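Spelled out from the first residue to the last, the chains are:
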Amino acid sequence: MKNTRIGVDLAKDVIQVCIYARNKVLSNTEMTYQAFALWLINTKPTTIIFEACSTSNYWNQVALSLGYDAKLICPKFVSSIRKKQKTDANDALAIVQASFVPDITFISGKSIEQQQLQSIMRLRDLATKQKTALSNQLGALLLEFNIRCSPKLGGLRGAIESVLENAENEFSWALRASLKAAWDHYLMICQSVATYDESLIKAINEHPECKKLLKLEGVGVINAVNLYIALGCSEIGVFAKGKDAAACIGLTPIQHSSGGKTKLGSVGKYVKNSILRSQLVVGSMAAIRMIVKRDAKTKKERWIQELVSRRGIRCAAVALANKNVRTAYAMMTKGTDYKAELLAV
């Protein structure tokens with residue numbers, strides 16, 4: 001079984017399992033989720049590769065607990081290897097073929113604790129988007145009646161309450177009921193966001209490795225959880241260096257090198273971790289705006305102030321986010337705490 005490799009393509013209702021050994025495909029069969037779970041238990045552990053997608057972290061954890069050498073592989077890389085039309089059988093075979101590519105980098109799976117943190121973050125992100133969308137819609141609908149949401153008059157809350165209490169604005173009962181229902185929905189979403197924030201704070205206190213990331217400049221609760229999820233995978237070491245992690249998040253210039261000439265472009269716009277990068281840069285921007293208003297107390301603050309004077313606050317924010325990722329990687333891999341070096345008095 002040492003030379004046997006199993007490629008698993010995870011679909012919504014079925015699982016395709018391709019077994020490769022002795023330089024040939026022994027089987028490529030479709031299973032239900034229940035049958036696959038029993039098959040994992042009854043099969044002698046060997047190397048098994050899952051395509052990173054929905055439920056892949058769960059099955060990766062199950063396979064590891066049963067003694068398998070479980071790995072996750074990037075779906076984009078698998079699609080580039082697949083030679084025939086897209087079917088479950090061809091995908092499972094392509095997963096096996098991709099695992100033989102030299103110097104391939106597998107994706108490290110998440111632990112159940114990190115999955116729980118990620119679930120809270122996803123719920124919070126959705127609620128935040130719904131909150132913004134509903135607020136914009138209510139403001140735009142009121143503007144159709146020339147009712148403006150002024151901060152001096154209580155903003156959206158003041159405008160909604162004024163409309164509902166005004167008996168002379170000729171609004172029908174149906175519209176008043178609809179506005180009241182929409183406003184109640186908005187308040188409920190705001191309460192949900194507050195609940196998610198409180199849950200994240202409690203979760204951070206239960207994870208010391210995540211809590212110590214709060215000491216970094218520009219890293220709050222959201223960014224600490226994001227960095228912990230992105231860097232603190234169950235098998236830490238998916239990145240050889242901190243700069244590799246920063247490059248994966250999209251905080252380094254894109255390279256366009258050829259013919260022995262190195263050419264660095266701008267920081268790439270299209271990366272799979274665009275939300276994480278955006279949140280890190282926004283957090284760094286907020287920290288920099290406070291640092292430039294006071295005298296530098298640490299060497300890092302002096303470096304930030306000098307960088308802002310040379311390149312501007314936006315470039316400095318990306319540089320600080322890059323440094324934060326590399327520092328966070330070092331803290332999590334070496335088990336150290338962050339302590340800024342003070343300037344000599």
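A brief look at the structure comes next.

Remarks on the overall build of the protein
- Secondary structure assignment for the protein yields 13 helices and seven strands.
- Taken against the 2.2 N^0.38 rule, which gives 20 Å for 345 residues, the C-alpha radius of gyration of the protein at 26 Å runs more than 25% over that of a compact globule.
- By residue count, 38% of the 345 residues in the protein fall in the buried class.
- In the protein, the proportion of contacts linking residues at least 24 apart, taken out of those at least 6 apart, comes to 55%.
- Of the roughly 20400 Å² of accessible surface on the protein, a fraction of 54% belongs to carbon and sulfur atoms.

Describing the pairing of strand E2 (residues 14-21)
- Within E2, six of the eight residues are buried, leaving the element largely enclosed by the surrounding structure.
- By the bridge criterion, six bridges tie strand E1 (residues 5-10) to E2 in an arrangement that is antiparallel. Note on E2: the bridge partner recorded for Val-8 is Val-17.
- Linkage of E1 to E2, two consecutive antiparallel strands, is achieved through a turn of three residues.
- The pairing of E2 with strand E3 (residues 24-32) spans eight bridges and is antiparallel. Note that in E3 the partner of Val-14 across the bridge is Thr-32.

Description of the environment of Gly-283
- Within the element layout of this structure, Gly-283 appears in helix H11 (residues 274-291).
- In the structure, Gly-283 is positioned 187 residues away from Val-96 in sequence and 41 Å away in space, judged by C-alpha atoms.
- If sequence neighbours within four positions are ignored, Gly-283 has contacts with Gly-218 and Asn-223.

Structural notes on the pattern of salt bridges
- Taken as a whole and assessed by the stated rule, the structure comprises 11 salt bridges.
- Linking Asp-197 and Arg-124 is a salt bridge whose minimum nitrogen-to-oxygen distance equals 2.5 Å. Note that Asp-197 is positioned in helix H7 (residues 173-205) and Arg-124 in helix H5 (residues 112-143), a separation of 73 residues in sequence.
- Judged by relative accessible area, which is 17%, Arg-124 ranks as buried.
- For Arg-294, the salt bridge goes to Glu-301, with nearest N and O atoms at 2.8 Å.
- For Arg-294, a relative accessible area of 35% puts it in the partly exposed group.
- For Glu-301, a relative accessible area of 8% translates into the label buried.
- Shared partners join several salt bridges into a network, and the residues in it are Arg-82, Lys-86 and Asp-91.

Re a nonpolar patch on the surface
- Taken together, the side chains of Leu-38, Ile-41 and Leu-66 make up a nonpolar region of the molecular surface, amounting to roughly 280 Å² of accessible area.
- On the secondary structure map, Leu-66 appears in the loop between helix H2 (56-65) and strand E5 (69-73).
- Judged by its relative accessible area of 32%, Leu-66 falls in the partly exposed class.

Each value, and the rule that gives it
Residues numbered from 1 in each chain as written. Predicted model: local features only at pLDDT ≥ 70, side-chain atom pairs only at ≥ 80, totals over all residues. Heavy atoms only, no water. Helix = DSSP H or I, 4+ residues; strand = E, 2+ residues; numbered from the N terminus. Rg over C-alpha atoms; globule rule 2.2 N^0.38 Å. Buried < 20%, exposed > 50% of the residue type's maximum accessible area, 1.4 Å probe, protein only. Contact = heavy atoms within 4.5 Å. Areas by Shrake-Rupley, 256 points an atom, 1.4 Å probe, with all protein chains shown as cover. Pairing = 2+ DSSP bridges. Salt bridge = Lys/Arg side-chain N within 4 Å of Asp/Glu carboxyl O. Patch = residues over 30% accessible without salt bridge, like charges linked within 9 Å, V, L, I, M, F, W, Y side chains within 5 Å.

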